[in-house]
Amino acid sequence: MTPLIHTFDADGYYLGSSELPPFAGDCNPDVATLDELPAYDPQTHRARRVSGAWAVEAIPAPEPAPEPEPPTIEQLKADLQARVNAQYTQRMNAVALPYPQYERESWPIQLQEAQALAADPAAATPWIDACATQRGLECSELAQRILAKDSSYRFISGQLTGARQAHEDAIEALQDLEALRSYDETQGWPQA
């Protein structure tokens, strides 16, 4: 049977074993030994080379993690503001995202043409003309729908932006850590 060579680190802790190659000479006693390993449970104990012999010792319990530094008022405020902004984005997305991106990109053109048509029935409105023709609507009716939707969107956007800014003001005014920890950013939003 080929003998096993057992290696250990600079502190003497057992690293592993392998068969001693047939051509190997003496092993370096600073990093390996041919001495048989003692019996031990590697789940709870470890072997260590001490003064030229194996010793078995219990694996020490890990050091407890240091307590994290409590957040500062500024950190709590920044975290709250990020959560408020996430609430705002979620609510604005519920209003805007049902419309495809390209349609949303046309909103300024739609509004501009609808306002022009409301002011002058003879105004040039190529976007409204094309859309109204495809939908089978009169241009004036489509312009009124655009203006009504724009008014609703502005109202909802104004409410949500006002709520976001009210949260921002309230958070900025708080100087107590407990008040910041218990602040509820999900309250105070208008119902859409």
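Placed above this text is the structure.
### Digging into the pairing of strand β4 (residues 45–50)
Step number 1: Note: β4 against strand β5 (residues 53–58), 6 bridges, orientation antiparallel. Within β5, the residue paired with Arg48 across the bridge is Ala55.
Step number 2: Hairpin remark: β4 followed by β5, antiparallel, with 2 residues in the connecting loop; positive phi at Ser51, about 50°.

### As for unusual backbone geometry
The phi torsion of most residues other than glycine is negative, and most of the peptide bonds are trans.
Step number 1: Although it is not a glycine, Ser51 sits at a positive phi angle of roughly 50°.
Step number 2: Checked against the element boundaries, Ser51 lands in the loop between β4 and β5.
Step number 3: For Ser51, a relative accessible area of 79% corresponds to the exposed category.

### Quick notes on the sheet that holds strand β3 (residues 32–33)
Step number 1: A sheet is described by the order of its strands in space; here 3 strands give the open sequence β2-β1-β3, paired in antiparallel fashion. The open sheet is flanked by β2 (14–19) and β3, the only strands paired with a single partner.

### Some thoughts on the pattern of salt bridges
Step number 1: On inspection of all chains with the given rule, the structure shows 10 salt bridges.
Step number 2: We note a salt bridge from Arg48 to Glu57, for which the minimum N-O separation is 4.0 Å.
Step number 3: A salt bridge links Glu178 to Arg181; the nearest nitrogen and oxygen atoms lie 3.9 Å apart. Taken together, the residues Glu178 and Arg181, both in helix α6 (residues 177–181) and 3 residues apart, mark about one turn of the helix.
Step number 4: With relative accessibility at 43%, the residue Arg181 sits in the partly exposed group.
Step number 5: Several salt bridges share partner residues, and in doing so they unite Arg46, Arg48 and Glu57 into one network.

### What about helix α5 (residues 139–173)?
Step number 1: A rise of 1.5 Å per residue sets the reference length of α5, with its 35 residues, at 51 Å; its end C-alpha atoms lie 50 Å apart and thus fit the reference within 8%.
Step number 2: Elements that come into contact with the buried residues of α5 comprise α1 (73–96), α3 (107–119), α4 (126–135) and α6.

### A short note on the state of the cysteines
Step number 1: Overall, the coordinates contain 0 disulfides when judged by the stated rule.
Step number 2: Unpaired in terms of disulfides, Cys131 finds its nearest cysteine sulfur in Cys139, a separation of 9.3 Å.
Step number 3: Taking relative accessible area as the criterion, Cys139 reaches 24% and is therefore assigned partly exposed.

### With respect to the environment of Gln165
Step number 1: Looking at the element boundaries, Gln165 is found in helix α5.
Step number 2: Sequence separation between Gln165 and Asp120 is 45 residues, and the spatial gap between their C-alpha atoms is 38 Å.

Conventions used here
Residues numbered from 1 in each chain as written. Predicted model: local features only at pLDDT ≥ 70, side-chain atom pairs only at ≥ 80, totals over all residues. Heavy atoms only, no water. Pairing = 2+ DSSP bridges. Helix = DSSP H or I, 4+ residues; strand = E, 2+ residues; numbered from the N terminus. Buried < 20%, exposed > 50% of the residue type's maximum accessible area, 1.4 Å probe, protein only. Salt bridge = Lys/Arg side-chain N within 4 Å of Asp/Glu carboxyl O. Expected span 1.5 Å × (residues − 1). Contact = heavy atoms within 4.5 Å. Disulfide = S-S within 2.5 Å.

So, to be careful, I would describe these as geometric facts and stop short of saying anything about function.
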